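# A structural walkthrough
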Amino acid sequence: GIQVEQSPPDLILQEGANSTLRCNFSDSVNNLQWFHQNPWGQLINLFYIPSGTKQNGRLSATTVATERYSLLYISSSQTTDSGVYFCAVDDYGGSQGNLIFGKGTKLSVKP
Amino acid sequence: NAGVTQTPKFQVLKTGQSMTLQCAQDMNHNSMYWYRQDPGMGLRLIYYSASEGTTDKGEVPNGYNVSRLNKREFSLRLESAAPSQTSVYFCASSLLWTEAFFGQGTRLTVV
């Protein structure tokens, strides 16, 4: 099945710094999503981005489907950005759009 | 518009007890999913349902059963709980091949 690898596994930032999180996937996909899991465990949809570039405030994401990677950019980080960021893709060759998750990047933003 | 609603939010079971986790969505989605999340891991698919009346196994189905009661509701049953099933359980829904939305999670402890 499809493999999803996220890097780095852990990231510590000072408030106000910028960061880039990466997601590599091993096969073609129909669907790619980025989620933020906050410290209370809630999964929050950030982007649905199977290809192209999207922006939402201080966050933006780019997926280059032909090269099988996606990037999540966080600018001017805030303490509320702390948590775990997951990339998830469907298995194009599989069935029913099941999402396969990477292991996440744990982000800690220090004041 | 509540999105995806899971009950209960927390549960403690003794080994061998049974319970059912409930999930309902109000977005008219066809597909529904049950995932589990263990410490340091991404989410892993237990079961999914592509449409009312159909269910299929995911990556980690052993020890679980599911019922797609109607288009809105998808329940997960543990017939005889084991400590290895201590986890956080997430329900999700989507239209096929599109953005998935997750419930708030159920934190289950089996002692």
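A brief look at the structure comes next. (Residues numbered from 1 in each chain as written. Chains lettered and ligands numbered in written order. Predicted model: local features only at pLDDT ≥ 70, side-chain atom pairs only at ≥ 80, totals over all residues. Heavy atoms only, no water.)

Listed by partner, the interface residues are 20 residues for chain B and 23 residues for chain A. Across the chain B/chain A interface, buried area totals approximately 1800 Å², and carbon plus sulfur atoms make up 55% of it. When the area that chain B buries against chain A is broken down by residue, the three leading residues are B:Trp97, B:Glu99 and B:Phe102, summing to 33%. Taken together, chain B and chain A are joined by zero salt bridges. Between chain B and chain A we count six residue pairs in polar contact (both at pLDDT 80 or more) in total. Where the side of chain B that touches chain A is concerned, the elements lending two or more residues are β4 (31–37), β5 (43–49) and β10 (101–102) of chain B. The leading source of residues in the side of chain B that touches chain A is β4(B), at four residues. (Contact = heavy atoms within 4.5 Å. Buried area = accessible area lost by both parts, 1.4 Å probe. Salt bridge = Lys/Arg side-chain N within 4 Å of Asp/Glu carboxyl O. Polar contact = N/O pair within 3.5 Å; in protein donor to acceptor, adjacent residues only side chain to side chain. Helix = DSSP H or I, 4+ residues; strand = E, 2+ residues; numbered from the N terminus.)

Residues and elements named next belong to chain B. With five of seven residues buried, strand β3 (residues 19–25) is to be regarded as a mostly interior element. Pairing analysis gives four bridges linking strand β1 (residues 4–7) to β3, with the strands arranged antiparallel. Across the sheet, the residue bridging to Thr5 is Ala24, located in β3. (Buried < 20%, exposed > 50% of the residue type's maximum accessible area, 1.4 Å probe, protein only. Pairing = 2+ DSSP bridges.)

Next up on the list: the state of the cysteines. Residues and elements named next belong to chain A. On inspection of all chains with the given rule, the structure shows two disulfides over all chains. A disulfide bridge connects Cys23 with Cys87, and the sulfur atoms are separated by 2.0 Å. Handedness here is read from the sign of the S-S torsion; for Cys23 and Cys87, about -60°, the answer is left-handed. One end of the pair, Cys23, is in strand β3 (residues 19–25); the other, Cys87, is in strand β9 (residues 83–90), and 64 residues separate them in sequence. Relative accessible area serves as the criterion here: at 0%, Cys23 is assigned to the buried category. (Disulfide = S-S within 2.5 Å.)

Core analysis: the largest hydrophobic core is formed by 21 residues, its most contacted members being A:Trp34 and A:Val89. When contributions to this core are tallied by element, the ones reaching two or more residues are β2 (10–14), β3, β4 (32–37), β7 (59–64), β8 (69–74), β9 and β11 (105–110) of chain A. Aside from chain neighbours lying at most four places away, what touches A:Val89 is A:Ile2, A:Val4, A:Phe25, A:Val29, A:Asn31, A:Leu32, A:Asn98, A:Leu99 and A:Ile100. One finds B:Val60, B:Tyr64, B:Cys91 and B:Val110 within the second-largest nonpolar core, a separate group that totals 20 residues. (Core = buried A, V, L, I, M, F, W, Y, C linked by side-chain atoms within 4.5 Å.)

All names here are of chain A. The strand order β1-β3-β8-β7-β6 describes an open sheet built from five strands, whose pairing is antiparallel. Looking at which strands have only one partner, the edges of the open sheet turn out to be β1 (4–7) and β6 (52–56). Adjacent strand axes in the sheet meet at a mean angle of 15° when their direction is disregarded. Pairing between β7 and β8: six bridges, direction antiparallel. Within β8, the position partnered with Ser60 by the bridge is Tyr73. (Axes fitted to C-alpha atoms, helices over the stretch in contact; angles between N-to-C directions.)

Residue and element names in this part refer to chain A. Mapped onto the elements of the fold, Val29 is located in the loop between β3 and β4. With relative accessibility at 14%, the residue Val29 sits in the buried group. Remark: the alpha-carbon pair of Val29 and Ala65, spanning 36 residues in sequence, is separated by 7.6 Å.

With that settled, consider the packing of aromatic side chains. To describe a pair of aromatic rings, one takes the distance between the centres and the angle between the planes. The tally for this structure, following the rule as stated, stands at nine aromatic pairs over all chains. Ring geometry for B:Tyr35 and B:Phe102: centres 5.6 Å apart, planes at 45°, overall tilted. Of this pair, B:Tyr35 sits in strand β4 while B:Phe102 sits in strand β10, and the two are 67 residues apart along the sequence. The same class applies to B:Tyr35 as to B:Phe102, namely buried. Summarising the aromatic geometry, the rings of B:Phe90 and B:Phe102 are spaced 6.5 Å apart at their centres and angled 75° between planes, so their arrangement reads as edge-to-face. Of the two residues, B:Phe90 is situated in strand β9 (residues 87–94) and B:Phe102 in strand β10; the sequence distance between them amounts to twelve residues. Of the two residues examined, B:Phe90 and B:Phe102, each falls in the buried class. Three or more aromatic residues joined by ring pairs form one cluster here, namely A:Phe35, A:Phe86, A:Phe101, B:Tyr33, B:Tyr35, B:Phe90 and B:Phe102. (Phe/Tyr/Trp six-rings, centres within 6.5 Å; stacked < 30°, edge-to-face > 60°.)

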